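So you can see what is in the structure, the chains are spelled out below.
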Amino acid sequence: MAELNEAKHISVYSGSAHPELSQQIADYIGISLGKVHITHFPDSEIFVQFDETVRRSDAFLIQPTCTPSNDNLMELLIMIDAARRASAARITAVLPYFGYARQDRKDKPRVPITAKLVANLLTCAGADRILTMDLHAQQIQGFFDIPVDHLYARPVLVPYLKSLLGDNGVVVAPDSGSTKMAMYYGDMLGAGFAVVTKRRINATTVASSHLVGDVKDRVCVITDDMTSTAGTLCAAARILKEHGAAKVYAAVSHCLLSKIGQDKLLATPEIEQLITTDAVPNIDDMGGRIKVVSVAPLLGEAIKRIHDGKSVSSLFYLEH
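Everything numeric in this text was worked out from a predicted model, so none of it was measured.

**A look at the packing of helix α2 (residues 69-85) against helix α3 (residues 114-125)**
Item 1. Taken N-terminus to C-terminus, the directions of α2 and α3 make an angle of 25°; their axes are 8 Å apart at the nearest point. The pairing of α2 with α3 is recorded here as roughly parallel in orientation. Of the residues in α3, those touching α2 at Leu 73, Leu 76, Leu 77, Ile 80, Asp 81 and Arg 84 are Val 118, Leu 121, Leu 122 and Ala 125.

**Points about the pairing of strand β13 (residues 271-277)**
Item 1. In terms of burial, β13 is a largely internal element, 6 of the 7 residues being buried.
Item 2. Pairing of strand β12 (residues 247-255) with β13 involves 4 bridges; the strand directions are parallel. Bridged to Ala 250 within β13 is Leu 274.
Item 3. Each parallel crossover has a hand, and the one from β12 via helix α7 (residues 259-266) to β13 is right-handed.
Item 4. The sheet contact formed by β13 and strand β14 (residues 290-293) spans 4 bridges and is parallel.

**Details of the sheet that holds strand β6 (residues 129-133)**
Within a beta sheet, neighbouring strands are joined by backbone hydrogen bonds and run either parallel or antiparallel to one another.
Item 1. What the 5 strands build is an open sheet, ordered β1-β4-β5-β6-β7; its pairing is parallel. The open sheet has two free edges, formed respectively by β1 (9-14) and β7 (148-151), since each of these has just one partner strand. Taking the axes of each pair of neighbouring strands and ignoring which way they run, one obtains an average angle of 15° across the sheet.
Item 2. Judged from the 4 bridges that link them, β6 and β7 form a sheet pairing that is parallel.

**Brief notes about the nonpolar core**
Item 1. One finds Ile 25, Leu 131, Leu 151, Leu 161 and Ile 303 to be the most contacted residues of the largest nonpolar core, which totals 41 residues.
Item 2. Ranked by residue count, the leading element in this core is helix α8 (residues 296-308), at 6 residues.
Item 3. With residues up to four places along the chain from it excluded, the contact list for Ile 25 reads Ile 62, Ala 296, Leu 299, Gly 300 and Ile 303.
Item 4. Listed in part, the 35 residues of the second largest apolar core include Ile 46, Leu 61, Ala 93 and Ala 137.

**Notes on the packing of aromatic side chains**
By convention here, two paired aromatic rings are described through the distance between centres and the angle between planes.
Item 1. Summed over all chains, the structure comprises 4 aromatic pairs.
Item 2. Between Tyr 13 and Phe 50 the ring centres are 4.8 Å apart and the planes differ by 80°, which places this aromatic pair in the edge-to-face class. Of the two residues, Tyr 13 sits in strand β1 while Phe 50 sits in strand β3 (residues 46-50), which places them 37 residues apart along the sequence.
Item 3. Of the residues examined, Tyr 13 reaches a relative accessible area of 0% and is grouped as buried.
Item 4. For the pair Phe 98 and Phe 144, a centre-to-centre distance of 6.1 Å together with 75° between the ring planes defines the contact as edge-to-face. With a gap of 46 residues between them, Phe 98 in the loop between β5 (90-95) and α3 and Phe 144 in the loop between β6 and β7 connect regions that are remote in the sequence.
Item 5. Sitting above the plane of the Tyr 152 ring, Arg 154 keeps its charged end 4.5 Å from the centroid.

**Re α3**
The periodicity of an α-helix, 3.6 residues per turn, causes residues three or four positions apart to be oriented the same way.
Item 1. For α3, built from 12 residues, the straight-helix expectation of 16 Å at 1.5 Å per residue is met to within 8% by its first-to-last C-alpha distance of 16 Å.
Item 2. Inspection of α3 places Thr 114, Ala 115, Val 118, Ala 119, Leu 122 and Ala 125 among the buried residues, and these make up the whole buried set. Each buried residue of α3 lies within a common arc of 150° when the element is viewed along its axis, so the set occupies one face.
Item 3. Its buried side turned inward, α3 meets α2, β5 and β6.
Item 4. One or two positions beyond α3, positive phi appears at Gly 126, with a value near 130°.

Conventions and cut-offs
- Residues numbered from 1 in each chain as written.
- Predicted model: local features only at pLDDT ≥ 70, side-chain atom pairs only at ≥ 80, totals over all residues.
- Heavy atoms only, no water.
- Axes fitted to C-alpha atoms, helices over the stretch in contact; angles between N-to-C directions.
- Helix = DSSP H or I, 4+ residues; strand = E, 2+ residues; numbered from the N terminus.
- Parallel < 35°, antiparallel > 145°, perpendicular 65-115°, else oblique.
- Contact = heavy atoms within 4.5 Å.
- Buried < 20%, exposed > 50% of the residue type's maximum accessible area, 1.4 Å probe, protein only.
- Pairing = 2+ DSSP bridges.
- Right-handed = clockwise from strand over helix to strand, strands pointing away.
- Core = buried A, V, L, I, M, F, W, Y, C linked by side-chain atoms within 4.5 Å.
- Phe/Tyr/Trp six-rings, centres within 6.5 Å; stacked < 30°, edge-to-face > 60°.
- Lys NZ or Arg CZ within 6 Å of the ring centre and 35° of its normal.
- Expected span 1.5 Å × (residues − 1).
- Arc of directions from axis to C-beta.

Right, here's the structure in full:
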């Protein structure tokens, strides 16, 4: 593969998972979205062909590996392989959402570490760099032997959250694993901090039991990196209301709500609104219960800086 300094131009291509976001990113950068043909054979095999030359280009392939996770992941791997064989100078896999991130350790006997497997697959396919956002576990960055640029949704979500919380807000971690994220949000919002403890009963049921922190007559926002069944958020919201919270909002980077999750959210009036990003394709706003903030400018700016060899770390803060 040619050295990057031989690359002539930047090119951005979209998989089929979220073409709307890819188009917004290309618009932000000020270029046309690259032409790539993706189709399926009758037996469901995926076929990819770039409809333009990618030789010596700095290629960014955008594909969140959300539902259907396996199809979207396989499609991304095939896109990477096609770009590598077409002599792209550098290939950056852009995963606004990194699927399989919850399987990041052996917490039971005889189980895989699938997040590491996915990291190996992306590298072996030919990715030279990874750009992603709000990994479920930050140590996943260490699963890669190639550079990883890990962005956060906080700079995108905080301005809207400030308008909701005012001067008497509290950021709430819905479980012990979310405390660090909640503390970062609290620092950026100038808000208080609280933690709800939880016990997971099964894959779809969560029981929250105790609250640490003062939320009485205060506006609360529960922060997490993702939600699918909304069990953790809804259980935490009920605890907060029981302890006198004035209002409860929830903010997640990746809204992966299933039908079960939508039903739970609708049945939980304690949550005034769920604020999320468009890192994955948008679902119904459920009558205004879900507010979506775009991460296209954040990802677009990161892509521009990676291409130009500039620092990406300043994007972690509001001042970018």
